[in-house]
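Residue-level structure breakdown
Read off the chains here:
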Amino acid sequence: KHSFWESQPVKQFSEEQNSETVEEGPVQVNQDAKGVRETGYALPGGYEWCDCDISSAEGAEEVYTLLSENYVEDDDNMFRFNYSSHFLSWALQPPGFKPFWHVGVRVIKSKKLVAFISAIPAKIRVGKNSPKGKDGVSMVEINFLCVHKKLRTKRLAPVLIREITRRVNLFDIWQASYTAGVIIPTPLATCRYFHRSLNPKKLIEVGFSKLGKRMTLSRTIKLHKLPQKTSTPGLRRMSKEDAPQVLELLNAYLAQFDLACLFQSVDEVEHWFLPRENVIYTYVVDAGEGKDGKRKITDIMSFYSLPSTIIGNEHHKELRAAFSYYNIANTASLKSLMEDALICARDENFDVFNALDIMQNAEFMKDLKFGIGDGHLQYYLYNWKVKKALTPQQVGLVLL
Ligand code: MYA
Ligand code: JJ1
């Protein structure tokens, strides 16, 4: 049934689910990078590989155009993710990124970009007690796999996946993490999307949400009304000086989860968290000056901007969605910190605030009037086996 995935070093559907005996680790022993083939996999005639140059405005725009027309849609094809070129430029160029891992497929004649897949480096910890439980494993995160609509179901995706695997293996990396909306062998965790209306009128007009039974529009608007101002004392936008403390807070907080990223440096935290308009929004709770004369940071709240194109609506072209990123409530309650996230997102003109049921997110969703979405997000590992699947609450990793 899954001729490609059955050939790959991933847990197979046929393998027993709850086997206490399995040793956590690689499915296939890590090889020698010297043995990795040096040439690209064969593409169908008329197509060629390229490294996309995300660092240039034109290169980023090219990938943007492919994705904006051909990337992920919801089950009813009403909305399509519309990552901005600035967002892609951020998401694909963290410390240690490689253009060699921004893999495109072009039509040789026209040079038109028709497919894409990317990898970025990340240190990932799986489980708390495994041998690698402390230091994590050097992996890549795979994202933005896309084949042009006109080239679908021709088995091009397996070629892209084999090619990115080869290009990652050449750097002596043998594991990867990725998420998808579809089920393939075999999910590590199955998570759900939840949504909080910020602009109920527009959401209803575009079919993102429906009026509840015995509800009017004005009643719905009133129900979703948020306070004028945030309530957490000391809440402000993150600045560069906060990065060392944010690094410490993140790694300490993420230690409780069974799947998490280990942030490696202040540089990495600056990259992933410093606010960028229409890309990433990070706020910290500033508790004032400590004895050392430096400002002390206690809490973190963050979300990223991932709009969707509204397919075939006369009046509205774009849905502005904020997606919950990493939130750490040490002094505030998580609920009040996240209510402030909703207020900040509303003030930045987002129409909806989305969150997965990962980490502690289930704790605040009911009180803050989130509703369950129709979308699922499956988490996967490539070439790494675990004893048991994880619950969403055990997941401490957000992929963009
Ligand atoms: S998830 C987002 C994926 N993108 C989209 O959904 C955008 C819209 N869709 C498309 O562009 C196409 O439909 C895609 C498939 C490209 C998805 N992940 O070429 P095909 C398998 C993995 O005939 P197409 C993200 O970006 C499918 O089960 N495999 O199909 C993370 C079948 O295999 P099998 C997938 O529809 C990506 C085969 O492909 C996915 O034309 C992580 C069919 O190929 C999927 N989302 O193209 C990738 N969808 O027969 C894995 C379908 O076995 C990374 N398939 O069932 C693995 C780690 C690699 C690095 C390792 C380093 C060490
Ligand atoms: O956004 C999603 N669903 C929305 C719109 C559904 C439109 C009809 N299909 C949804 N809306 C209901 C919201 C409502 C608000 C008030 C409270 C009650 C709920 O459910 C879904 C997520 O739920 N999104 C998708 O399906 C997009 C794809 C998700 C998979 C992403 C894979 C990414 C892989 C990248 O690595």
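What you see is a predicted model; the values in this text were computed from it and never measured.

**Structural notes on the overall build of the protein**
Along its length, the protein carries nine helices and 17 strands. Computed over its C-alpha atoms, the radius of gyration of the protein comes to 22 Å, within 12% of the 21 Å expected for a compact globule of 400 residues. Considering only C-alpha atoms, the protein reaches an extent of 60 × 55 × 45 Å along its principal axes. The 400 residues of the protein split such that 53% are buried. When the accessible surface of the protein is summed, it comes to about 19300 Å², and 52% of that surface belongs to carbon and sulfur atoms. Across the protein, 51 positive and 47 negative side-chain charges occur, with their mean positions spaced 4 Å apart.

**As for the pairing of strand β11 (residues 295–305)**
As a general feature of sheets, a regular strand has side chains that alternate between the two faces. When you tally the buried positions in β11, you get nine out of 11 residues, the bulk of the element. In this sheet, β11 lies alongside strand β10 (residues 280–289) in antiparallel orientation, the contact comprising eight bridges. When the bridges of β11 are listed, D286 appears paired with I297. Here β10 folds back onto β11 in antiparallel fashion, the turn holding five residues, of which G293 has a positive phi close to 80°.

**Digging into the confidence of the model for the protein**
Residues of the protein with pLDDT of at least 70 account for 98%, and the chain-wide mean is 97. For this predicted complex, the interface score ipTM comes out at 0.99, alongside a pTM of 0.98.

**Overview of the site of ligand 1**
Taken together, 34 residues sit near ligand 1, with H2, W5, L145, T153 and R155 positioned nearest. Within the backbone of W5, a nitrogen or oxygen atom sits 2.8 Å from an oxygen atom of ligand 1. In this structure, an oxygen atom belonging to ligand 1 sits 3.3 Å away from a main-chain N or O atom of F144. Protein chains bury 88% of the 1200 Å² of accessible surface belonging to ligand 1 in isolation. Contributing elements (two or more residues each) for the shell around ligand 1: β5 (137–147), α3 (156–169) and β6 (176–180). Top contributing element to the shell around ligand 1 by residue count: α3, with seven residues.

**A look at the nonpolar core**
Across soluble globular proteins, nonpolar side chains have a tendency to be buried as a group. Grouped together as the largest cluster of nonpolar side chains are 78 residues, with contacts concentrated most on L259, F263, Y326 and Y379. Here this core takes seven residues from helix α6 (residues 243–254), the largest share from any one element. With 29 residues, the next largest nonpolar core counts W5, W101, V105 and I173 among its residues.

**Notes on the pattern of salt bridges**
Applying the stated rule across the entire model yields 17 salt bridges. Residues E48 and K111 are paired through a salt bridge, measuring 2.9 Å at the closest nitrogen-oxygen approach. Here E48 is found in strand β1 (residues 47–51), whereas its partner K111 is found in the loop between β3 (102–107) and β4 (113–126), with 63 residues between them in sequence. Classification of E48 by relative accessible area gives partly exposed; the value is 24%. Looking at K111, the relative accessible area reads 41%, which means it is partly exposed. Its salt-bridge partner being R237, residue E348 comes within 2.5 Å of it at the nearest N-O pair. Here the residue E348 occupies a position in the loop between α8 (334–347) and β15 (352–356), and R237 occupies one in strand β8 (residues 235–237), the gap between them amounting to 111 residues. Among the residues examined, E348 registers a relative accessible area of 16% and is labelled buried.

**Overview of the side chain of T298**
Within the secondary structure layout, T298 lies in strand β11. In contact with T298, not counting residues within four places along its chain, are L249, V285, A287, N330 and T331.

**Overview of the packing of aromatic side chains**
Applying the stated rule across the entire model yields 31 aromatic pairs. Between Y178 and Y380, the aromatic rings sit 5.3 Å apart at their centres with planes inclined by 15°, giving stacked as the arrangement. Placement of the pair is Y178 in strand β6 and Y380 in strand β16 (residues 371–382), with a sequence separation of 202 residues. The class for Y178 is buried, based on a relative accessible area of 10%. The buried category is assigned to Y380, whose relative accessible area is 2%. Above the plane of the ring of W101 lies K98, whose end atom (NZ or CZ) is 5.2 Å from the centre. Across from the ring centre of F350, 4.5 Å away, lies the NZ or CZ of R320, which sits over that ring.

**Topic: the site of ligand 2**
The immediate surroundings of ligand 2 are formed by 22 residues, with D74, D76, H195, F208 and D374 found nearest. Contact distances for ligand 2 include 3.2 Å between an oxygen atom and a side-chain N or O atom of N143. Burial of ligand 2 by the surrounding chains reaches 84%, relative to a free accessible area of 870 Å². Examining the composition of the shell around ligand 2, we find that seven residues originate from one element, β16, more than from any other.

**Points about α8**
An α-helix turns once every 3.6 residues. As a result, residues three or four positions apart point the same way. Across its 14 residues, α8 extends 20 Å between first and last C-alpha, which sits within 8% of the 20 Å expected from 1.5 Å per residue. All buried positions along α8 are accounted for by L334, L337, M338, D340, A341, L342, I343, C344 and A345. N349 occupies a position one or two residues after α8 and carries a positive phi of about 70°.

**Overview of a nonpolar patch on the surface**
A contiguous nonpolar surface patch, about 210 Å² in accessible area, is contributed by L211, L217 and I221. Topologically, L217 is positioned in helix α5 (residues 217–223). Residue classification places L217 among the partly exposed residues on the basis of a relative accessible area of 30%.

Reading guide: rules and limits
- Residues numbered from 1 in each chain as written.
- Chains lettered and ligands numbered in written order.
- Predicted model: local features only at pLDDT ≥ 70, side-chain atom pairs only at ≥ 80, totals over all residues.
- Heavy atoms only, no water.
- Helix = DSSP H or I, 4+ residues; strand = E, 2+ residues; numbered from the N terminus.
- Rg over C-alpha atoms; globule rule 2.2 N^0.38 Å.
- Buried < 20%, exposed > 50% of the residue type's maximum accessible area, 1.4 Å probe, protein only.
- Areas by Shrake-Rupley, 256 points an atom, 1.4 Å probe, with all protein chains shown as cover.
- Lys, Arg positive; Asp, Glu negative; His and termini not counted.
- Charge placed at Lys NZ, Arg CZ, Asp CG, Glu CD.
- Pairing = 2+ DSSP bridges.
- pLDDT = per-residue confidence, 0-100.
- Near = heavy atom within 4 Å.
- Polar contact = N/O pair within 3.5 Å; in protein donor to acceptor, adjacent residues only side chain to side chain.
- Core = buried A, V, L, I, M, F, W, Y, C linked by side-chain atoms within 4.5 Å.
- Salt bridge = Lys/Arg side-chain N within 4 Å of Asp/Glu carboxyl O.
- Contact = heavy atoms within 4.5 Å.
- Phe/Tyr/Trp six-rings, centres within 6.5 Å; stacked < 30°, edge-to-face > 60°.
- Lys NZ or Arg CZ within 6 Å of the ring centre and 35° of its normal.
- Expected span 1.5 Å × (residues − 1).
- Patch = residues over 30% accessible without salt bridge, like charges linked within 9 Å, V, L, I, M, F, W, Y side chains within 5 Å.

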